[in-house]
Structures are given as C-alpha cells and as structure tokens.
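This is what each chain is made of:
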Amino acid sequence: MERDSVFHNDRLGAPRNPLLDQLPSYQSLLYRRKPSASGSNKRRGSSRTRLGSSSSGKWGQTTLARQHEEKHRTQTLQRPVRELSKPMAEKRRDKDQRLEQAKDLSSWSQWRQSTRRTLRRLKEDGFEMLSNLELWRGDIHVIEGMFGTGILSYFSFLRFLVLLNFIMFLLMFGFVMLPIITAPHASGNTTFNHVDGFECSNYPSTSRRGLVVFHQHITDLLSGAGFLEQTYLFYGYYKVETIHFPKFTYNLPLAYLLVTIAYLFLSLIWIVKRSATGFKRKLVQDEDRFQSFCNKIFAGWDFCIVNDSAARLKRSSLLYELKTDLEEERIKQKIADRTRKEKCRIYVIRLILNLFVIAVLAACFYSIYIATNFSQKAQMTKVNFILDLIYEYLPSIVITLANFITPLIFSLIIQFEDYSPAFEIRFTLMRCVFMRLTSICVLLVSLWGQITSCQEGNCVCGYNHILYPCWESRVGQEMYKLMIFDFIIIGAVTVFVEFPRKLIVDYCDCGLAKWWGQQEFAIPQNVLEIVYGQTICWIGTFYCPLLPAICTIKYFIIFYIKKVTLVNNCRPATRPFRASSSNFFFLAVLLIGLALACVPVTIGIAQISCSQACGPFVNYTTSWEVLPRTVSQLPAGARTFLLAISSEAFAVSLFVITCLAMFYVIALAGAHKRVINQLREQLVMDGRDKRFLIQKLCQAQRTCAIISTGAGSQSLSSDRVSPSYRSNSGVFLVQPPPDSATHV
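Reading the values: rules and limits
Residues numbered from 1 in each chain as written. Predicted model: local features only at pLDDT ≥ 70, side-chain atom pairs only at ≥ 80, totals over all residues. Heavy atoms only, no water. Helix = DSSP H or I, 4+ residues; strand = E, 2+ residues; numbered from the N terminus. Buried < 20%, exposed > 50% of the residue type's maximum accessible area, 1.4 Å probe, protein only. Contact = heavy atoms within 4.5 Å. Areas by Shrake-Rupley, 256 points an atom, 1.4 Å probe, with all protein chains shown as cover. Lys, Arg positive; Asp, Glu negative; His and termini not counted. Salt bridge = Lys/Arg side-chain N within 4 Å of Asp/Glu carboxyl O. Disulfide = S-S within 2.5 Å. UniProt positions renumbered as here; feature names shortened; annotations may be inferred. Phe/Tyr/Trp six-rings, centres within 6.5 Å; stacked < 30°, edge-to-face > 60°. Lys NZ or Arg CZ within 6 Å of the ring centre and 35° of its normal. Core = buried A, V, L, I, M, F, W, Y, C linked by side-chain atoms within 4.5 Å. Patch = residues over 30% accessible without salt bridge, like charges linked within 9 Å, V, L, I, M, F, W, Y side chains within 5 Å. Charge placed at Lys NZ, Arg CZ, Asp CG, Glu CD. pLDDT = per-residue confidence, 0-100. Axes fitted to C-alpha atoms, helices over the stretch in contact; angles between N-to-C directions. Parallel < 35°, antiparallel > 145°, perpendicular 65-115°, else oblique. Nonpolar A, V, L, I, M, F, W, Y, C, P; charged D, E, K, R; others polar.

(A) Structural view of the overall build of the chain. When helices and strands are tallied, the chain shows 23 helices and 4 strands. Within the chain, buried positions represent 39% of all 744 residues. A separation of at least 24 residues holds for 76% of the contacts in the chain among residues at least 6 apart in sequence. Accessible area of the chain: about 43300 Å², with a carbon and sulfur share of 63%.

The following block contains the structure:
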C-alpha cells in the first residue's frame, strides 16, 4: 500500500466521510498538528485536505511498512520451503518456482546456494544433536507437562548449577590437579620452605596409624579429617611450587590463583547473561498493571500442561494472582487514604517489628559464633564417636536450625506490618536470603578470629600455627562439612518428613490429617536451599579444590530427589511466587550469593598470611603475592604493558570510557522508552477507534431494525431511502456512498 486509503486520497477536493473524521486517533492527530502562530494557514489547510504523508502517528509510516514488507519477503524467499506456513500445494508450487529460477543462475551462484543450503542443514542437525544431548531433557519435559512452567523453572535452574559446577571442576582439575598427576619428575608431596626446621613449617600428619576402628573411617569421611586431609580434596596437599616439564616450567601457585579468579569471573558472566532476558521480561511485566491483568486473562494459560490436576492447579493459581493484584490495588488505595495518625501508628509498628527481627538475627549469629568457637576447642580432645561427630558438626547443626526457625518467625511477623501480599513474600524471602548467606560469613569470621589470634598476642607466623598449622585445610573442612550436612538434611527431610506426611494424609481419615494436608512444593524455599549450597561451593573451592565435583554430584542426586518428592509426596503451591515463572528472581538471589562469596575469598587471598607448612603458597606471605612476583620476572615489554594496565592513569581512562558508554546506553534506552510510549499510545488509540466503530455499528444496526419494522406500513418505494439521507445517523456504515473520498 502506497498510502492509507482512509486518510489519503489523490483527488483534490473529494468529499469527506464525517464518520472517519470523528475517529479518536484522527482527532488526536489533528490536535498534535495544531498550527503555531506562524504558517498556521498552510498547516491547517494541509490537515484539512489530508494530502501528503504525515510525519507523526501511524498514518505516516508507509515507508517503514514498505521496507518491513520487503524485508519479510526476502526472508521468506531465503527460508526452506518446508518451514513456510503454507498448504502443501503452495509449497510444491514455491519449490518448482525456485528450481526454475535456479536454472537461470550462473554456476557460481548455484554452487553458493547449494553450499549455503548444506551448511544450514549441518547447523540444524548439529543443534538438534546438541538438544538431544541436553541433560535431563526428557525428565524436564515430563515435569513441564505435569506441573507447568513455574516448577519447570526450578529444575532448569538446578540443571544450570550442575553445569556451572562441572565447568568449575574442569578448571580446577585441568590447571591444578592434572599437572601434578601427569608430571614426570614432580611429586605432589614435595614442600618448598625457606628454612628447614622452622617452627611455622611443622605440619603433623592427622592420618590414623595402626588398627583403625570402622566408625573412625566414617568420622573421617564425614568430617574431612584423617586420611582425607592428605589427599587431593584439600588445599594442604598441593605443596608443589613449580613443575618442570621437558619444554616448560609450570607455575602451580600462579595457576591456582588464576583459576580461582577465573571460576568466580565465569560465574559472574554466566549469571548476568542468563538473568538479562528475565530482567527485560520483568521490566515489561511490571510496567503497567492493566497490561498485567490482560496478560493473565488472555495469555496466562500454560498450554504445556497435559495433566488434569495440574490444569486445576493452574486455574487456581491464576485466580490467586488476579485476587492478589486486586488486593494490591485495594491496599494502594487504602494507603492513599490513610490519615497522618494511621501512618504514624503503622511506622511505629514496623520499626518495633524490624528491631525484633534484628534481635532475632543477632541472636542467631551469636549462637553460630559461640557454636563455632566451642566446636574448634572441643575437637582438640577426643571423647567418643557420637560426641566427636556432634562436635564436628555443631556449627552446621546450629546454622541449619537457624535457617529452619527464622523463616517461621519472619512469616508470622510480616502479617502485622501491613504490606501488600506480593511485597510480603518478597520481603520475607529477602530476610531469609540474608539469614542463610550471612550465617556462612559469621562462621568464617569466627574461624578467622581463632586463626589470627595467638596466646602470646604476637603471632610469629602471622597466624596461630600451633592450633592451625594448615588453616586453609581447616576452612576447607568446614565448608566440606556444611556441604555434606546440607545434603543429609535434604535427604532426611524427604524420607522422614515428606513421605510419612504423604502416607498420613492419604490413609488417615482424621480431621487433623486433612487439615494438615499434603506438603507443598514451595519453589522459593527450594531455590534458597540450592543457592545456599552454591555459595558454600564458591567460598570453599579455593580451600577444597574438589568441592565443585562434590557439589555437582550433590545437585545431580537432588534433582531426582526433588522430582520424586514432587511427583509422589508434594503438590505445587496454591499461592505461587510471582517470579517463579521466570529465572530472574533465582539468578538475582544467586548473584547476591556470589557477591557475598567473593568477600571472604578475597580477604583470605589478599589479607591473611598463608600457611608456611602446606599448600602451593609456602614461599609467599599472602596468596596474592605470587602475581606481582611473577609479573616482575616477565620480559621488559610484557612487564611494562601489565604495569601500564594496572596503573591509575589506565584505570581513570577506563572509568571515563565506561561512563561515556553508560551515558550512551542510558540515552539510547531513553529514546527506546519514548518510542515504546508512542507505540503504546497508538495501541490505546486503536482500541478507542475499534470501540468507537463498534458503537457506530450497533447504532446503525438499531436504526436499520427500526426502519425495517416500520417498512410494513409504508409503500415499497419508501424502503429505498437514499443513503445520504441517513448519513447523520450512521447508517452509511451498512451502505456507504460509492464516491466517498474516505471509502475503504
């Protein structure tokens, strides 16, 4: 179409259609094109005759529409015939036409087309093969069909963590363990000390000698001590400084440090990349409440559901979300109508309750601190198998109890703070996230308080070498115990809580069992569990290099545990969390865990003195010292380049360039936002036009019905009334004038 036939016509002075002049979009267009003080007559005349192309609104976009149509036609011709949405007869006709056109091409063009077609098929076959090799592809499709995309997002998130931990394990294994294993002339047990016999280099073996009782092996396996301490599992085993291969020398301390930085940076990039799509979708969904209502009503159904119970659950969840939206609107209106006295009362209540929450968190953190100190002292003396195991796992037990009790307290408190339902869920989850992740930091602070404190007050080695000759391995053991205990708790809750509850609800007819009901599969709480474990993995990988492999196996087993408990023991939550349909909330919480994990790892690398009796950094004061020392040994050109990159001038220049790029992106986003607002206004105008035309059509139908009713008492000639006689009443919609300039 060259021009819109409604508002543009090539004939000057053609009669106008008064109906289309009354359209809200056209009236809005005329209002926007009101003339200014100068040149008003010319612009008013052009707006009256509606000649030429308009520069604003949807009526002036014919050129863009033509370009879009040409682009669409080109893409259609380039697509394979089998991918076109056409009947089979038309596909055969298109194929014959393409073959005829190909005969007229040169040999070079035919070869290029055949090569392009072959490469496209190879690419499609490769993607199909990779999709078939995707982990848990069939299981996830079954879960999606039974429970919808909300619960699917949890299992997809779990699969992402399995892949992330596996990549982290490959990095540690390929650059740290494999060189030691394959080194022809290097032994992993060789230490490199400055002074032999120095008191800081004394590292007594913890392996049990002689006849060992079976339960002692279980204790070592669960605690990471004993025979496991002197293996590839912990930091203390990697005592090699350099590995001399036939053609090069491998610097193991440098590789150890760079791999640690690499897996943290890789995790950051991967999480940010995955969360970008969810963040865009969240911005669009949260932009307009009316749009949210329309999406839920007209596009909220999940057509992947094939199960009747899942369909009923989805219907109830949509109903709950609509009720929640209406409740939020009611609460917003209630907040707007509050008096100053009511506002003061609510703020005072919230202040008191938040002080109580802070007190609860402080009590939990203090309990973790006391439990950690007591556990470290009690491990110096052995009593019996049970008590030793309890002392080993005392910090993990206290952290688990705190993570179990505090969400119940937070859920009870939030009811008195008078927030909206959606904000209640988000705020409670943020409190739980803070509790879970900060408890790990409190444990590490407690450990480092004992590691860096000596009885004489002045640590000769920079740390307490008497109690902690290899403090990195001790930190790795604590992270290892947290990981193992977290896995044990997840399995125990499934076997000893959820499964018996399922049996009681199914086979017990008492009212208490029916009131108790079946266990709900709460997605946010399950996500917090695996984010807690992943944070432990990020912190502990530096001190326990095989921890990513353990975490990979753990999440692999948890996938099947959660699948079994979802299908057999639990039911999906009737009050779904709003972010459960997308991964943005999960990845945002995971990003918070990564940020908190970087803090203790950075402090341990850059601030605390390295152990002088174990590990690859024996000849360095801190782990970070290996980097500047290695740079100082490089050739002059490379050293100058690296020093220039790390200088303040380069940092300032990079900061300025980053700010300019950020300002450009902000300006571009503002321009896109203005375009989006204009498109939204056009959509609103289209809706008003449709409503206006429907009203006129109904009016015309009513007029026709009145005329046809009175036609029986009049002559036959009176039925043929001229259309122009009824133009003012809107009947021309049924029979418009043939020469109308605005006739469609």
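What follows picks up the thread again.
(B) A look at the side chain of R474. Positionally, R474 belongs in helix 16 (residues 471–507). Buried within the structure, R474 lacks any salt-bridge partner; its nearest side chain of opposite charge belongs to E478, at an N-O separation of 5.7 Å. In contact with R474, not counting residues within four places along its chain, are Q376, Q379, L467 and Y468.

(C) View of the state of the cysteines. Scanning all chains against the criterion turns up 1 disulfide. Covalent S-S linkage joins C470 and C614, the inter-sulfur distance amounting to 1.9 Å. Because the sign of the S-S torsion sets the handedness, a value of about 90° for the bond joining C470 and C614 places this disulfide among the right-handed ones. Residue C470 is located in the loop between helix 15 (421–451) and helix 16, and its partner C614 is located in the loop between helix 20 (584–606) and helix 21 (626–632); the two are separated by 144 residues in the primary sequence. Exposure remark for C614: the relative accessible area of 0% places this residue in the buried category.

(D) Seen up close, the environment of F385. Mapping F385 onto the fold places it in helix 13 (residues 385–392). Note: C-alpha distance between F385 and Q216 (169 residues apart in sequence) is 7.4 Å.

(E) Representation of the UniProt feature "transmembrane region" (unreviewed entry) in the chain. Using the residue numbers shown here, the UniProt feature "transmembrane region" (unreviewed entry) corresponds to residues 160–181, 254–272, 347–370, 390–416, 428–448, 584–608 and 649–671. End C-alpha atoms of residues 347–370 are separated by 34 Å, and the span's content is 100% helix alongside 0% strand. Annotation note: span residues 649–671, helix share 100%, strand share 0%, distance between end C-alpha atoms 33 Å.

(F) Spotlight on the packing of aromatic side chains. Tallied over the entire structure, the rule returns 27 aromatic pairs. Measuring from ring centre to ring centre gives 5.5 Å for F556 and Y560, while their planes differ by 65°; the resulting arrangement is edge-to-face. One end of the pair is F556 and the other is Y560, both in helix 19 (residues 547–569) and 4 residues apart, which spans about a single turn. Among the residues examined, F556 registers a relative accessible area of 35% and is labelled partly exposed. Considering the side-chain rings of F617 and Y620, the 6.4 Å spacing of their centres and the 65° angle between planes classify their relative orientation as edge-to-face. Across the pair, Y620 and F617 agree in class, each one buried. Members of the aromatic cluster, each reached through a chain of ring pairs, are Y232, Y235, Y237, Y238, Y256, W471, F542, Y543, F617 and Y620. Residue placement shows R274 over the ring face of F160; its charged tip is 4.4 Å from the ring centre. Note that R431 overlies the ring of F410, its terminal NZ or CZ placed 6.0 Å from the centroid.

(G) Region of interest: the nonpolar core. Y154, F157, W471, W538, L590 and F617 are the most contacted members of the largest nonpolar core, which has 118 residues in total. If one sorts the elements of this core by residue count, helix 7 (residues 137–182) sits on top with 18 residues. Setting aside its immediate chain neighbours within four residues, W471 contacts W448, I451, Y463, Y543, G604, I608, S609, C610 and S611.

(H) Region of interest: a positive patch on the surface. The grouping of K95, R112, R116, R117 and R121 at the surface amounts to a positive patch. No other element matches the 4 residues that helix 6 (residues 107–132) contributes to the positive patch.

(I) Main features of the pattern of salt bridges. With the rule as written, the count across this model stands at 6 salt bridges. With its nearest N and O atoms 3.1 Å apart, the salt bridge here joins E478 to K481. Placement of both E478 and K481 in helix 16 is noted, with a separation of 3 residues, approximately one turn of the helix. Each member of the pair, E478 as well as K481, is classed as buried. Via salt bridges that share partners, E392, E478 and K481 belong to a single interconnected network.

(J) Structural context of a nonpolar patch on the surface. A surface patch of nonpolar side chains, amounting to about 730 Å² of accessible area, comprises V652, F655, V656, L660, M662, F663 and I666. Counting through the fold element by element, L660 comes out in helix 23 (residues 648–710). Look at L660 and you get exposed, because its relative accessible area is 55%.

(K) Focus on the confidence of the model for the chain. Of all residues in the chain, 74% attain a pLDDT of 70 or more, and the chain-wide mean is 75. Within the chain, helix 19 carries the highest mean pLDDT (89), whereas helix 3 (residues 40–49) carries the lowest (43). With pLDDT under 50 throughout, residues 1–14 is counted as low confidence; its partners more than four residues away or in other chains account for 31 contacts. The low-confidence segment residues 716–744 (pLDDT under 50) makes 44 contacts with residues lying over four places distant or belonging to another chain.

(L) Structural context of the environment of F434. By the element assignment, F434 lies in helix 15. Among the residues examined, F434 registers a relative accessible area of 43% and is labelled partly exposed. Here the alpha-carbon distance between F434 and V589, two residues 155 residues apart in the chain, equals 9.9 Å.

(M) Focus on the packing of helix 12 (residues 340–378) against helix 14 (residues 394–413). At a closest axis distance of 9 Å, the pairing of helix 12 and helix 14 adopts a crossing angle of 170°. Accordingly, the angle class assigned to the pair helix 12 and helix 14 is roughly antiparallel. Counted together, L353, F356, V357, V360, L361, C364, S367, I368, A371, T372, F374 and S375 of helix 12 and L394, P395, V398, I399, A402, T406, I409, F410 and I413 of helix 14 form the full contact between these two elements. A class-by-class count of the residues in the contact of helix 12 with helix 14 yields 17 nonpolar, 4 polar and no charged.

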